[in-house]
Amino acid sequence: MPDTISPLSPEALAPALASLPSPVYAVDTDRLERNLEILDLVQKEAGCKILLAQKAFSFPPVYPQIGRRLAGTTASGLFEARLGFEEMPGKEVHVYKPAYLPGEVEALTHIAGHIIFNSFSEWLRWRDTALSAPEKPSCGIRVNPEYSTQQGHAIYDPCAPGSRLGVTAAEFKPELLDGLEGLHMHTLCEQGAEDLAATLPAFEEKFGRYLRRMKWLNLGGGHHITREGYNLPLLCREVRRLRETYGVEVYLEPGEAVALNAGFLSCRVLDVVRNGMEIAILDTSAACHMPDVLEMPYRPQIIGAGQPGEKAYTCRLGGPTCLAGDVIGDYSFDAPLTPGCQLVFTDMAIYSFCKNNTFNGMPLPALATLSRREGARLVKTFGYADFKGRLG
Ligand SMILES: *Cc1c(COP(=O)(O)O)cnc(C)c1O
């Protein structure tokens, strides 16, 4: 494991962010670099290419840093594709969307080298547009191996019964493969290499014979490559085996793994009320600024805080919106929370600010970068114009 970078310690984070506006997301470029080193190691060991899935993390100020390590970006449509094209110049741009809008594929041919379709009807609809484009994008189709490896998070399972994502073996049309150069498969979410290894036999049994005619295979995202304990050798072994067996180039397109644990959300307590327990109202909102806390759902970590009852003072944390369920969770602290107290949530780079909204007229948190060498640097603040601008 490479360890040439030593990021700011957890204890140093709150002071470093205290002078910035609140709330603020800070992307830690040292922690990001550590992730990128691991991903680069996989690229070299496995002989594959890794793309940033911008759906999870779109932050142009660090695209040059990411572009130094990864092969490029992948997008969920024209806007993300354009962001990757403009902000990571010269790197690969891939795009997959369950169904493209009129004009979208034509526009994508100018910026995306790889365009992936979700069905054979989509392929037939846009085949001529894609194949006749002067840029000659490489086209692929997403398949669904119908092999679920995840429990608990049904909304993140593209292999669940009735899923609209990817072509099942029953719907596969080998007679329409002319012009297609790649297969795409995305079935994992925050999972290990063991889950990929368990999925591959189902995928290969159903689609392996078509893969032999292809130039590339994209194994999607959900590979939690940069988390502690991830089985890197197994991932590299499986990727090498696929490359050798089928003669294809292999892509991985993780989002989470790129910026896992590489961002923080610093906020402050506005008020503390009582209703059978202490409840702190923060200047940040689960509904607006941590949508996955309610959607997934999960309980984010706070530096220096424990489980309820673990430390002396237990407190529920909620947002300043009118939504009763805008609750982040119950935590315990060494000292009672009081107005003005600063709290720092961890792992807030991914699926956070790229999913923000201004429900209830909530201001968007500021954006910053953070590193040991350069400290905290404010990148952007938002105001009333950002709220009004999207409302017409
Ligand atoms: C969401 C998604 C990704 C990224 O997934 P992570 O869980 O963030 O790694 C990659 N590819 C596709 C097609 C996706 O839908």
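Predicted model, so just to flag it, every value in this text is computed and none were measured. (Residues numbered from 1 in each chain as written. Predicted model: local features only at pLDDT ≥ 70, side-chain atom pairs only at ≥ 80, totals over all residues. Heavy atoms only, no water.)

**Observations regarding the site of the ligand**
So, point 1. Around the ligand sit 14 residues in total, of which K55, G222, E253, G255 and Y351 are the nearest.
So, point 2. Between the ligand and the protein, one listed contact pairs an oxygen atom with a backbone N or O atom of G222 at 2.8 Å.
So, point 3. For the ligand, an oxygen atom lies 2.6 Å from a polar atom in the side chain of Y351.
So, point 4. Calculation on the ligand without its partners gives an accessible area of 390 Å², and the protein chains cover 89% of this total.
So, point 5. Among the residues forming the shell around the ligand, the class breakdown is five nonpolar, five polar and four charged. (Near = heavy atom within 4 Å. Polar contact = N/O pair within 3.5 Å; in protein donor to acceptor, adjacent residues only side chain to side chain. Areas by Shrake-Rupley, 256 points an atom, 1.4 Å probe, with all protein chains shown as cover. Nonpolar A, V, L, I, M, F, W, Y, C, P; charged D, E, K, R; others polar.)

**Structural notes on unusual backbone geometry**
So, point 1. Going from S22 to P23, the amide bond is cis rather than trans, its omega being 0°.
So, point 2. Turning to its location among the elements, P23 is positioned in the loop between helix 1 (10-17) and strand 1 (24-28).
So, point 3. Note the cis peptide between M296 and P297, where omega equals -15°.
So, point 4. Here P297 is to be found in the loop between helix 11 (291-295) and strand 12 (313-318).
So, point 5. We note that E146 has phi near 50°; this positive angle belongs to a residue other than glycine.
So, point 6. Take E146: it is sitting in the loop between strand 6 (138-142) and strand 7 (180-184).
So, point 7. On the basis of relative accessibility, which here comes to 42%, the residue E146 falls in the partly exposed class.
So, point 8. You will see that N360, though not glycine, has its phi angle at about 70°, which is positive.
So, point 9. Here N360 is to be found in the loop between strand 14 (342-345) and strand 15 (366-371). (Helix = DSSP H or I, 4+ residues; strand = E, 2+ residues; numbered from the N terminus. Buried < 20%, exposed > 50% of the residue type's maximum accessible area, 1.4 Å probe, protein only.)

**Quick look at the nonpolar core**
So, point 1. Judged by nonpolar contacts, the single largest core of 96 residues is most densely connected at V42, F57, I66, L219, I225, L317 and F345.
So, point 2. Here this core takes eight residues from helix 7 (residues 193-211), the largest share from any one element.
So, point 3. Counting the residues that make up this core, at least three belong to each of domain 1 (47-259) and domain 2 (263-348 + 356-389).
So, point 4. With residues up to four places along the chain from it excluded, the contact list for V42 reads G47, C48, I50, I225, L232, L235, C236 and L252.
So, point 5. Of all hydrophobic cores here, the second largest spans eleven residues; its members include L8, L13, V24 and A368. (Core = buried A, V, L, I, M, F, W, Y, C linked by side-chain atoms within 4.5 Å. Domains from an automatic or database assignment. Contact = heavy atoms within 4.5 Å.)

**Notes on a nonpolar patch on the surface**
So, point 1. On the surface, L294, L323 and F359 cluster together into a nonpolar patch covering about 240 Å² of accessible area.
So, point 2. Considering the arrangement of structural elements, one finds L294 in helix 11.
So, point 3. Exposure remark for L294: the relative accessible area of 36% places this residue in the partly exposed category. (Patch = residues over 30% accessible without salt bridge, like charges linked within 9 Å, V, L, I, M, F, W, Y side chains within 5 Å. Salt bridge = Lys/Arg side-chain N within 4 Å of Asp/Glu carboxyl O.)

**Things to note about the packing of aromatic side chains**
So, point 1. Tallied over the entire structure, the rule returns twelve aromatic pairs.
So, point 2. An angle of 20° between the planes, with centres 4.4 Å apart, marks the rings of F172 and Y210 as stacked. Here Y210 lies in helix 7 and F172 lies in the loop between strand 6 and strand 7, a separation of 38 residues in the sequence.
So, point 3. Looking at F172, the relative accessible area reads 9%, which means it is buried.
So, point 4. Note on Y210: relative accessible area 12%, which makes it buried.
So, point 5. Ring pairs connect the aromatic residues F120, F172, F203, F207 and Y210, which therefore count as one cluster.
So, point 6. Its guanidinium or amino end placed over the ring of Y331, R299 lies 4.0 Å from that ring's centre, counting from NZ or CZ. (Phe/Tyr/Trp six-rings, centres within 6.5 Å; stacked < 30°, edge-to-face > 60°. Lys NZ or Arg CZ within 6 Å of the ring centre and 35° of its normal.)

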